[in-house]
There are 2 protein chains.
Amino acid sequence: MQKEKKDLAEVIRSAGFRATRPRLSLLSFLEKADFPLSIQEIVDGLTRKVDQVTVYRMIESFKTAGLVREVNLQGDRPKYELADAENDHHHIVCTKCHRVEDFVGCGVERIEKKALQGSRQFAAITGHSFDLYGLCNTCAK
Amino acid sequence: MQKEKKDLAEVIRSAGFRATRPRLSLLSFLEKADFPLSIQEIVDGLTRKVDQVTVYRMIESFKTAGLVREVNLQGDRPKYELADAENDHHHIVCTKCHRVEDFVGCGVERIEKKALQGSRQFAAITGHSFDLYGLCNTCAK
DNA sequence: ATTCCTGCAAATACTTTGCATCCTT
DNA sequence: AAGGATGCAAAGTATTTGCAGGAAT
C-alpha cells in the first residue's frame, strides 16, 4: 500500500536529496498531472500546503537533477513536468484556450544530425524542445 | 540613403501603427540582430534611449500584428526576433553560455501531419516551435 | 548530532497600468 | 486638430535571498 510512496522516496534519494514531505508531495502530484504545470498551479494544487518558495526551490533542484523538465510555451510562464527519460513526448497547445495535449514520436534525430552538420559553432546537441500550436476541436468551431 | 528607414516606416504603417521614432529604432535594431533579444537587451541596445515600458508595449503590439515573433528558450526570459514570414528558422542554444545560432530546414511538416492524425482533441495545427540545445565549440572543450 | 530543508519575511526583478504630454497623421 | 504613442510614476506579479527553526539521515 505504501509501495508507490516508497518508490518516490527512492527516486528522490538516488538523486541525492532527502525524502521530505514536500518533495514527495510534489513528485506524486506531478505524476498524476497529465500536462505541464506552472509554479502557481503546483502551489495551489498540492493538498498539503507547501510554501511557494519551497516549490521554487524544489523545482530548481529537480530540474538540475534531471527529475523534472521545464516546458516553455508561447506567452506563458514556464511549466514543469516529470522528466521520464524515455518518454520523449511533446505538446500541442491550443492557441485559444491553452489546452495541452501530448504527442509522441517527433522523430527529431535526423533533424538534429542535419543541424549539427550545418553548424560551424556547435560541437554537440544534447536535447531539443518541440511544440505544436493549433486549435482544439472546441475552439475551432 | 534614407531608403531603408523609409521602408521600415512603411512596414509599420501597413501594420496599422504610426511610424514613430521608437518604433523605427526597434525594428531597425531587430533587423540588425542575428539572434533573438530579451526586453532588457533591447532597452540597453537601442542607441536613442527608449523607455522600458514603451519597449514592452511595442513588442506586445508588434507581436500581435505578426511583425515580431516571441521565442521561449529554456530557463530564459522570452526573447524576440523579426518575424519574416518566410524565414522558418530555429535555434540551437548552448546550455552553458546561452549563445544562440540559427538553423533552417526543420522539415516539420511531416511531423505536424502525423501529430494531427494521432490527435483526438485537435482540429488544426497553425504553428510550431522547435529548438535544439547543446554545447558550442567553446563550451565543449 | 549533523546537515539539509523549510517557512516566513523581505528584497529584487519583471511586467502592467494610469495619466499628462507630445507627436504623427 | 484629433487621436494615437510615449515617458514617468507607481502598482502589481513573479522570483530570489537570508536566516532561524525543524526534520531526515
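Our subject is the structure listed above.
In this text the structure is predicted, and so the values were computed from the model without any measurement. (Residues numbered from 1 in each chain as written. Chains lettered and ligands numbered in written order. Predicted model: local features only at pLDDT ≥ 70, side-chain atom pairs only at ≥ 80, totals over all residues. Heavy atoms only, no water.)

S.K.: Can you walk me through the protein's contact with DNA strand C in this structure?
M.R.: Around DNA strand C sit 20 residues in total, of which Arg23, Thr54 and Arg57 of chain A together with Arg13 and Tyr56 of chain B are the nearest. In the interface set of DNA strand C, defined as its atoms within 4 Å of the protein, sugar plus phosphate atoms amount to 68%. A distance of 2.9 Å is found between a base oxygen of DNA strand C and a side-chain nitrogen or oxygen belonging to Arg18 of chain B. Measuring from a phosphate oxygen of DNA strand C, one finds a backbone N or O atom of Ala19 of chain B at 3.3 Å. Looking at the surface near DNA strand C element by element, the count peaks at 4 residues for helix α4 (residues 52-65) of chain B. Class assignment of the residues belonging to the surface near DNA strand C gives a composition of 7 nonpolar, 3 polar and 10 charged. (Near = heavy atom within 4 Å. Polar contact = N/O pair within 3.5 Å; in protein donor to acceptor, adjacent residues only side chain to side chain. Helix = DSSP H or I, 4+ residues; strand = E, 2+ residues; numbered from the N terminus. Nonpolar A, V, L, I, M, F, W, Y, C, P; charged D, E, K, R; others polar.)

S.K.: What is the right way to look at the environment of Lys32 of chain B in this model?
M.R.: For Lys32 of chain B, the location among the structural elements is in helix α2 (residues 21-32). Once the C-alpha coordinates of Lys32 of chain B and Thr95 of chain B are considered, the two residues, 63 residues apart in sequence, prove to be 24 Å apart.

S.K.: What is the right way to look at α2 of chain B in this model?
M.R.: Count 3.6 residues to each turn of an α-helix, and residues three or four apart come out pointing the same way. Look at α2 of chain B: 17 Å from first C-alpha to last across 12 residues, which is about the 16 Å you get at 1.5 Å a residue. Of the positions making up α2 of chain B, those classed as buried are Arg23, Leu24, Ser25, Leu26, Leu27, Ser28, Phe29 and Leu30 of chain B. (Expected span 1.5 Å × (residues − 1). Buried < 20%, exposed > 50% of the residue type's maximum accessible area, 1.4 Å probe, protein only.)

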